[in-house]
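An overview of the molecular structure
Listed below, chain by chain, are the residues.
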Amino acid sequence: MDISSGDDSDISESEMEEYEDKSYEKLKNGKYTVMVSDETYTCPYCPKSNKQKYRYKDLLQHASGVGNSSSAKRKPRVKANHLALARYLETDLVPVVSSSKPVVEEDPPSGCDHDEKIVWPCTGIVVNIPTKRSADGRSVGESGSKLRDELIRRGFNPVRVHPLWNFRGHSGTAVVEFRKGWPGLHNALSFEKAYEADHHGKKDWGANDDVKHGLYAWVARADDYTASGIIGDHLRKIGDLKTISELMEEEARKQDRLVSNLTNIIETKTKHIKELEAICSETSKSLEVLMEEKENLLQAYNEEIKKIQLSAREHFQKISSDHEKLKSQLETHKKELELRGVELEKREALNETERKKLAEELEQNAVQNSSLQMAASEQKRADENVMKLAEDQKRQKEELHNRIIQLEKQLDQKQALELEIEQLRGSLNVIRHMGEEDDKEVLQKIEASLKDLREKEGELEDLEALNQTLIVSERKSNDELQDARKELINGLKEISRRANIGVKRMGELDGKPFLEAMKRRYNEELAEERASEICSLWEEYLKDPDWHPFKRIKLEGREEYQEVIDDEDEKLRDLKAEMGNEAYKSVTSAIKEINEYNPSGRYVISELWNYREGRKASLKEGVEFLLELWETVKRRRGMT
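Residues numbered from 1 in each chain as written. Predicted model: local features only at pLDDT ≥ 70, side-chain atom pairs only at ≥ 80, totals over all residues. Heavy atoms only, no water.

As a further point, take the packing of aromatic side chains. Scanning the entire structure with this criterion turns up 10 aromatic pairs. Here the aromatic rings of Tyr32 and Tyr45 are separated by 5.5 Å at their centres, their planes lie at 75°, and the arrangement is edge-to-face. In this pair, Tyr32 sits in the loop between α1 (16-28) and α2 (56-67) while Tyr45 sits in the loop between α1 and α2, placing the two residues 13 residues apart along the sequence. Residue Tyr32 shares its accessibility class with Tyr45, and that shared class is buried. Taking the centre distance of 5.9 Å and the plane angle of 65° together, the rings of Tyr41 and Tyr56 count as edge-to-face. Residue Tyr41 is found in the loop between α1 and α2, and its partner Tyr56 is found in helix α2; the two are separated by 15 residues along the sequence. You can call Tyr56 buried: its relative accessible area is 15%. Just above the ring of Tyr541 sits the side chain of Lys571; from NZ or CZ to the centre is 4.1 Å. (Phe/Tyr/Trp six-rings, centres within 6.5 Å; stacked < 30°, edge-to-face > 60°. Helix = DSSP H or I, 4+ residues; strand = E, 2+ residues; numbered from the N terminus. Buried < 20%, exposed > 50% of the residue type's maximum accessible area, 1.4 Å probe, protein only. Lys NZ or Arg CZ within 6 Å of the ring centre and 35° of its normal.)

Right under this line is the structure:
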């Protein structure tokens, strides 16, 4: 249902809000028709003679413009109806509109004459802007930014509004500039339709019916562009006359140029990609050749290493044979000297000069023989001591092993005897309960059992005594082995760590990382002093039995636990933060060694150490190392 003019009665300004609510309820109840189709809408409050078909956006702009109009010609009832229509469109018809096909503003408008010339870029003309006279007699009006903001609020999206001025001041007219392109043209046509719907278009401005109230606006066309006056002059400065068809052709040419440029770019990129693919292929082939050369070089290197190792082995064997030859030559030379001494003694009586010479040669020979004999005796004594030490160690180990086996056998015998004694006692109790006390046969069995029991208990006492003797002997052997180990450690204390076997002080703190950390902060002298103080402090920490920075973790897949360094320990965490990772490693290494080798005493101890394998060395390894040292000494003395 539509209305043309509505009720003849009118309402006051104060009743507009109540009347708007009533009109809104009527629209919601479907009393008036607003939506003609999915894309076409109509205003039910405009006279039938002015009925137009709007798009949703244009109708919303029309309703908002009429409802918020400040024109005196607009009655309060008409404003209230249009405000209710605007609210209905924004609240109730938005879901319907959003689900329909959206209006595409990137295409040229279809509902206008494409051969009509318009000012391009799209420009709107606004006239009848209120002005007033200033004190100096010039006309002044509102700024263009205020009108621009009003047009933006109504959804026309102008770029700027430029008021036109003449010699009298503000002319009461302004030019509205829209964006270039089809979106700007859509906004300009919506702008024109909104003012036409409000009866403030170009035709309404040209009608000479009565006094004009409010703003009148339209889109600038050819007649405005060619007109004389301030508007025409401004339009000719800022734009040109073009038809929509010409704009579409120009847009098509631009699109063709863009497509052509993009096609050229794609061809260039494709050519570049092919060149890169060719380069990658060549690079891959070069890499394959390099990898093959690398494999060949590696194979040649391995073969060369084998040759060097073989040559070194042959060189070592040659040195050994040369050493034996030198030793035999030394013995031969010694015998020759002895023969020479005998000959010199025979020729002693020849003359005084020869006697003196003979005496000097005899003295030299005696000194050389004495030195050789002393060296040989010292070498023999050292060899005997080392061999004796090795034999004692071997003998003690064999004795210890035999004693352990003997102890195990005696322990088995002791357990068997105890079991047999218990069985005899059980048998004795059984015999006692088998018959009467005066039964002679039972008494004889009891006496025999008691006798066997006493004999077995005697054997058990003998085994226990022998067991104690063997335990004492085992402890003594262990003490002797430990004494031998200590003697070996004392003998190797001067050996360098570069050797395979030597002595390591377990739990000793390495001060070098502390010194390096202090050198980064202080000069040389002050750094040494500070490093010494910090090392002394941490040595006291290591001796403290109450400080135990370890935690127990369960081994994966086993029912055993292991002690590891607790990274959350406050002292260690502060040390790592202040002194660095190397100092932290030095302290944790020392506390691990103390915890393993001397957890109760918490002091540094010396230990026989295998530096090559990084572990505790056995007594056998120490003795073998001593034998190697003596062999080296023997070879050096033999060469001299």
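Taking 1.5 Å as the rise per residue, helix α6 (residues 182-197) with 16 residues should run 22 Å; its terminal C-alpha atoms sit 22 Å apart, in good agreement. Summarising burial for α6: 14 of the 16 residues are buried, a large majority. His199 sits one or two residues past α6 and shows a positive phi near 60°. (Expected span 1.5 Å × (residues − 1).)

A cluster of nonpolar side chains, contributed by Leu258, Leu262, Ile265 and Ile266, occupies part of the molecular surface with about 370 Å² of accessible area. Summarising the element assignment, Leu258 is placed in helix α10 (residues 244-346). Residue Leu258 is classed as partly exposed on the basis of its relative accessible area of 44%. (Patch = residues over 30% accessible without salt bridge, like charges linked within 9 Å, V, L, I, M, F, W, Y side chains within 5 Å. Areas by Shrake-Rupley, 256 points an atom, 1.4 Å probe, with all protein chains shown as cover. Salt bridge = Lys/Arg side-chain N within 4 Å of Asp/Glu carboxyl O.)

Residue Pro121 is bonded to the preceding Trp120 through a cis peptide linkage, with omega at 0°. Relative to the helices and strands, Pro121 is located in the loop between β1 (117-120) and β2 (123-127). With phi around 65°, Asn128 is a residue other than glycine that occupies positive phi space. By the secondary structure assignment, Asn128 is in the loop between β2 and β3 (131-133). For Asn128, a relative accessible area of 27% translates into the label partly exposed. Although it is not a glycine, Asn157 adopts a positive phi angle of roughly 50°. Within the secondary structure, Asn157 is located in the loop between α5 (144-153) and β5 (160-166). On the accessibility criterion, Asn157 (34% relative accessible area) is partly exposed.

All right, on to the pattern of salt bridges then. The full count for this structure, using the stated rule, is 16 salt bridges. Measuring nitrogen to oxygen at the nearest pair gives 3.5 Å for the salt bridge that ties Arg87 to Glu20. Residue Arg87 is found in helix α3 (residues 76-91), and its partner Glu20 is found in helix α1; the two are separated by 67 residues along the sequence. The class of Glu20 is buried, set by a relative accessible area of 17%. Note that Glu568 is salt-bridged to Arg573, the shortest N-O span being 3.9 Å. Residue Arg573 is classed as partly exposed on the basis of its relative accessible area, which comes to 41%. Among the charged side chains, a salt-bridge network with shared partners connects Glu20, Asp21 and Arg87.

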